[in-house]
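Listed below are the residues making up each chain.
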Amino acid sequence: MIPLYAYRDDTCDPRKCTVKKLARRGLVRIVTSIAKIPRSTLLLDPTAEQAVSPADRNLPSITALDCSWEVLDTGTVASWRNRRALPFLVAANPVNFGRPFRLTSVEAMAATLYILGEKEQAHDVLAPFGWGLRFLEVNADPLDDYAQAKDSAEVVALQALYM
Ligand SMILES: C[S@@+](CC[C@H](N)C(=O)[O-])C[C@H]1O[C@@H](n2cnc3c(N)ncnc32)[C@H](O)[C@@H]1O
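- Going by an unreviewed UniProt entry, the chain carries the name 16S rRNA aminocarboxypropyltransferase and comes from Methanoculleus chikugoensis.
- In its Sequence similarities (unreviewed entry) section, UniProt records this for the chain: "Belongs to the TDD superfamily. TSR3 family."
- In UniProt, the chain has this text filed under Subcellular location (unreviewed entry): "Cytoplasm".

1. Digging into helix α2 (residues 105-115)
Step number 1: Within α2, eleven of the eleven residues are buried, leaving the element largely enclosed by the surrounding structure.
Step number 2: Along α2, the residues that are buried comprise Ser105, Val106, Glu107, Ala108, Met109, Ala110, Ala111, Thr112, Leu113, Tyr114 and Ile115.
Step number 3: Positive backbone phi, approximately 95 degrees, marks Gly117, located one or two places after α2.

2. Notes on the packing of aromatic side chains
Step number 1: In the structure shown here, the tally under the stated rule is three aromatic pairs.
Step number 2: Relative to Phe101, the ring of Phe88 lies with its centre 5.8 Å away and its plane at 85 degrees, an arrangement referred to as edge-to-face. With Phe88 in the loop between β5 (83-84) and α2 and Phe101 in the loop between β5 and α2, this pair connects stretches of sequence that are 13 residues apart.
Step number 3: Their ring planes at 35 degrees and their centres at 5.2 Å tell us that Phe129 and Trp131 sit as a pair that is tilted. Of the two residues, Phe129 and Trp131, both sit in the buried class.

Definitions and limits used
- Within each chain, residues carry numbers counting from 1 in the order of the written sequence.
- Reporting of local features is limited, given that this is a predicted model, to residues whose pLDDT is at least 70; pairs of side-chain atoms are given and counted only at 80 or more, and all residues count toward the totals for whole chains, interfaces and linings.
- Excluded from the side-chain calculations are hydrogens and water; all other atoms, namely the structure's heavy atoms, are used.
- UniProt positions are given in the numbering used here, feature names are shortened, and annotations may be inferred rather than shown by experiment.
- Residue exposure (1.4 Å probe, protein chains only): buried if accessible area is under 20% of the type maximum, exposed if over 50%, otherwise partly exposed.
- Here a strand is any run of E in DSSP of at least two residues, a helix any run of H or I of at least four, and the numbering for each starts at the N terminus.
- Within 6.5 Å between ring centres, the rings of Phe, Tyr and Trp (the latter by its six-membered ring) count as paired, and their orientation is classed by plane angle as stacked under 30 degrees, edge-to-face over 60, tilted in between.

Quick look at the structure:
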């Protein structure tokens, strides 16, 4: 099991916030200041140059930046060394259903867990959401391909099959 963290700045709608629901179940630990994000974590940053890949299995935790998309400023975490973007996957949440790359925090964490080989934990974090397990169904083929890749370069090459 890989520890999960989320940085929350309270800019997203608390009624729709996926991280708050996970935190209530003890599945994610919330940090409220950038300085408290673990320095060695796999930081989920959609603007990162490297993609999540099985080569990241040695990283000790996963952290999402749980802010509103409108205010997300990844410049504030530019000095974190393990920033990673997810490859092509489509959202299954009701707000952005079918939209590629723009995932909720729980979808992003579940996809990362799956690619790192933690399939059961990916299932467990999505299970509390009515639409959650649909994310694994609609992305089954790319997720399985990415989980068998060697590194970021191979993941990036594979995503071309789905775009
Ligand atoms: C911008 S927040 C929006 C949170 C949303 N309101 C919720 O309740 O889940 C989503 C976060 O998930 C992660 N994420 C989403 N899509 C991603 C992608 N394509 N690559 C990397 N991280 C991603 C990032 O940490 C991003 O900041």
